[in-house]
Amino acid sequence: MNKLFYGDNLTIMRKTPAESVDLIYLDPPFNSNRSYNLLYKNTTGLPIPEQIEAFCDTWEMDCEKTELAERIPKLMRDYGIRNDAVQFWHYLTLSLKESNPRLLAYLIYMTVRLIEMPRILKPSGSIYLHCDPTSSHYLKIVLDNIFGFKNFVNEIIWYYKNASRGKKKLAKSHDVILWYSKTDTYQFNVEALLVPFESGMTEWRYKRGGQKDKPMPAGKIPDDVITLPSLNTMSKERLGYPTQKPLALLERIIQASSKEEDTVFDPFCGCGT
């Protein structure tokens with residue numbers, strides 16, 4: 001397929017056939033309150049107007065967000081989301097409306113899009129949402145309500161060693177990736193992820209560790225911490241995109257939850273890869 005869509009991903013998803021996608025990976029805005037409209041400039045050196053909204057990670061409760069917040073409960077019911085989740089959304093909006101309207105605006109933007117994703121996923125499909133600790137705890141609650149608690153698979157930590165120095169707090173050195181499935185029959189290609197055993201692991205030691213009746217596998221299943229450096233300015237992969245993610249990180253996710261000829265959907269292209 002290899003299609004690139006230009007436009008609002010919400011519009012694109014609503015036109016996407018049901019159960020047509022095997023894997024969704026999204027690297028959306030992180031609620032960072034930063035503008036990333038730095039690359040796309042014309043010959044005057046000024047930002048291109050068409051790109052300002054797409055690359056500006058700042059949020060406010062404008063009229064559009066307020067209207068969306070009021071429509072989300074009906075949208076949830078139309079998509080078969082539990083009534084207690086609808087009630088939770090109501091109280092969440094009341095709580096954040098005065099205390100943190102910027103966060104509420106961000107969650108409204110994300111929620112109305114996340115609601116569309118289970119419909120386009122195949123029953124064996126998965127979604128990996130890339131975020132950071134700024135809003136990951138709120139996004140997990142939203143995903144719990146949309147996909148269901150039982151379909152939460154893993155919280156994956158991407159640990160990058162080249163962290164910035166902390167002055168008033170500990171240095172930030174990781175992102176969070178939330179993995180949810182659509183059903184309990186999701187695709188997981190464990191054989192593609194096996195990593196070599198540590199030096200000294202023999203079949204005798206493996207079976208001694210409580211696996212007497214099972215043959216020693218080709219490797220071990222990796223844990224939920226992925227250690228990969230972020231892309232620095234000297235990296236050959238670096239394209240200049242401010243939130244670009246390493247190819248190896250994306251490869252790990254694609255290998256885990258899809259196979260050749262599957263359809264992988266990236267609704268934000270935030271990885272810049």
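Read on for a plain summary of the structure. This one's a predicted model, so the numbers in the text were calculated from it and none came from an experiment.

Scoring rules and cut-offs
- Residues numbered from 1 in each chain as written.
- Predicted model: local features only at pLDDT ≥ 70, side-chain atom pairs only at ≥ 80, totals over all residues.
- Heavy atoms only, no water.
- Helix = DSSP H or I, 4+ residues; strand = E, 2+ residues; numbered from the N terminus.
- Contact = heavy atoms within 4.5 Å.
- Areas by Shrake-Rupley, 256 points an atom, 1.4 Å probe, with all protein chains shown as cover.
- Buried < 20%, exposed > 50% of the residue type's maximum accessible area, 1.4 Å probe, protein only.
- Polar contact = N/O pair within 3.5 Å; in protein donor to acceptor, adjacent residues only side chain to side chain.
- Axes fitted to C-alpha atoms, helices over the stretch in contact; angles between N-to-C directions.
- Parallel < 35°, antiparallel > 145°, perpendicular 65-115°, else oblique.
- Left-handed = near helix turned anticlockwise from the far one by under 90°.
- Nonpolar A, V, L, I, M, F, W, Y, C, P; charged D, E, K, R; others polar.
- Pairing = 2+ DSSP bridges.

Some remarks on the overall build of the protein
Moving on, step 1. Looking only at helices and strands, one finds nine helices and eight strands in the protein.
Moving on, step 2. Sequence-distant contacts in the protein: of pairs separated by 6 or more residues, those separated by 24 or more amount to 74%.
Moving on, step 3. A total of about 16300 Å² of accessible surface is found on the protein, and carbon and sulfur atoms cover 54% of it.

Thoughts on the side chain of serine 258
Moving on, step 1. Within the secondary structure, serine 258 sits in the loop between helix H9 (247-257) and strand E8 (264-265).
Moving on, step 2. On the basis of relative accessibility, which here comes to 7%, the residue serine 258 falls in the buried class.
Moving on, step 3. Of the polar contacts made by the side chain of serine 258, one reaches the backbone oxygen of isoleucine 254; its length is 2.7 Å.
Moving on, step 4. Not counting residues within four places of it along the chain, the set of residues in contact with serine 258 comprises Leu23, Gln187, Asn189 and Val264.

Observations concerning the packing of helix H5 (residues 101-114) against helix H7 (residues 136-147)
How two helices pack is summed up by the angle between their axes together with the distance between the axes.
Moving on, step 1. Relative to each other, H5 and H7 sit at 30°, their axes nearing to 11 Å. Taken together, the axis directions place H5 and H7 in an arrangement best described as roughly parallel. Here the hand of the crossing between H5 and H7 comes out right-handed. Across the interface between the two elements, Leu103, Tyr106, Leu107, Met110, Thr111 and Leu114 from H5 touch Tyr138, Leu139, Val142, Leu143 and Ile146 from H7.
Moving on, step 2. When its residues are assigned to classes, the contact of H5 with H7 shows ten nonpolar, one polar and no charged.

Some points on the sheet that holds strand E6 (residues 174-181)
Moving on, step 1. Here we have six strands laid out as an open sheet, ordered E7-E5-E6-E4-E1-E8, and mixed in their pairing. Of all strands in the sheet, those with a lone pairing partner are strand E7 (225-227) and E8, marking the two edges.
Moving on, step 2. Bridge count between strand E5 (residues 152-159) and E7: three bridges; the pairing is parallel. Note that in E7 the partner of tyrosine 159 across the bridge is threonine 227.

Examining the packing of helix H4 (residues 83-99) against H7
Moving on, step 1. Across the interface, H4 lies against H7 with an axial gap of 10 Å and an inter-helix angle of 155°. In terms of orientation, H4 lies roughly antiparallel with respect to H7. When the axes of H4 and H7 are compared, the crossing they make is left-handed. Counted together, Ala85, Phe88, Leu92 and Leu96 of H4 and Tyr138, Ile141 and Asn145 of H7 form the full contact between these two elements.
Moving on, step 2. Its residues placed into classes, the contact of H4 with H7 shows six nonpolar, one polar and no charged.

So, the pairing of strand E1 (residues 21-26)
Moving on, step 1. Of all six residues in E1, six are buried; the element is thus mostly enclosed.
Moving on, step 2. Alignment of E1 against strand E4 (residues 121-131), held across five bridges, turns out to be parallel. Looking across to E4, one finds that valine 21 is bridged to leucine 121.
Moving on, step 3. Bridging between E1 and E8 involves two bridges; their strand directions are parallel. Pairing of leucine 23 across the sheet is with valine 264, part of E8.

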